[in-house]
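Examining the three-dimensional arrangement
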Amino acid sequence: MIIYCKKCNYSWQELPYNRKNYPATPCCNGRHATIHDNFKVNYSELMKDWDYNKNTLKPESLKSNSHEEVWFKCHRCNTEWSTRVDYITRLQKQSKKRI
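Please read these numbers as outputs of a predicted model, since none were measured by experiment.

1. Quick look at the overall build of the protein chain
- Assigned secondary structure in the protein chain consists of three helices and four strands.
- Counting from the amino terminus, the protein chain carries its helices and strands in the arrangement β-β-α-α-β-β-α.
- For the protein chain, buried positions account for 30% of its 99 residues.
- Partitioning the intrachain contacts of the protein chain with sequence separation of at least 6 by distance along the chain shows that 25% fall at a separation of at least 24.
- Roughly 7300 Å² of accessible area belongs to the protein chain as shown, and the carbon and sulfur atoms make up 52% of that amount.

2. Side note on the packing of aromatic side chains
- For the coordinates displayed, the defined rule picks out six aromatic pairs.
- Considering the side-chain rings of Phe39 and Phe72, the 6.5 Å spacing of their centres and the 75° angle between planes classify their relative orientation as edge-to-face. Here Phe39 is found in helix α2 (residues 39-42), whereas its partner Phe72 is found in strand β3 (residues 69-73), with 33 residues between them in sequence.
- With a relative accessible area of 0%, Phe39 lands in the buried category.
- Phe72 sits in the buried class, given a relative accessible area of 1%.
- Taken together, Phe39, Tyr43, Trp50, Tyr52, Phe72 and Trp81 form an aromatic cluster joined through their ring pairs.
- One residue, Lys54, lies across the ring of Trp71, its end atom 4.0 Å from the ring centre.

3. Digging into the pairing of strand β4 (residues 80-84)
- As paired strands, β3 and β4 are joined by five bridges and run antiparallel to one another. Its bridge partner lying in β4, Glu69 is registered against Arg84.
- Counting the residues between successive antiparallel strands, the hairpin from β3 to β4 contains six residues, one of them, Asn78, with a positive phi of roughly 65°.

Conventions and cut-offs
Residues numbered from 1 in each chain as written. Predicted model: local features only at pLDDT ≥ 70, side-chain atom pairs only at ≥ 80, totals over all residues. Heavy atoms only, no water. Helix = DSSP H or I, 4+ residues; strand = E, 2+ residues; numbered from the N terminus. Buried < 20%, exposed > 50% of the residue type's maximum accessible area, 1.4 Å probe, protein only. Contact = heavy atoms within 4.5 Å. Areas by Shrake-Rupley, 256 points an atom, 1.4 Å probe, with all protein chains shown as cover. Phe/Tyr/Trp six-rings, centres within 6.5 Å; stacked < 30°, edge-to-face > 60°. Lys NZ or Arg CZ within 6 Å of the ring centre and 35° of its normal. Pairing = 2+ DSSP bridges.

Dropping the structure here:
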């Protein structure tokens, strides 16, 4: 069945059993990226290194704690590497704490 959230305008397909056990919407409880809470919004400083050619996923479709493997390309030297989104966000948080 298709569920529609009146609070955030998010819709998704769900089994009736899951709806009974998990009444909150996936976006309202933080399980899905939204236009206000996603990797691109929360870590905009990393977007200059996001490899738009190699990645099939868009940064706005990912949560900051996603386990998806994505590609980056250094804007200075063009070095390419892949890493998980949650790993690079953890590194970013740690580097901000040191400053």
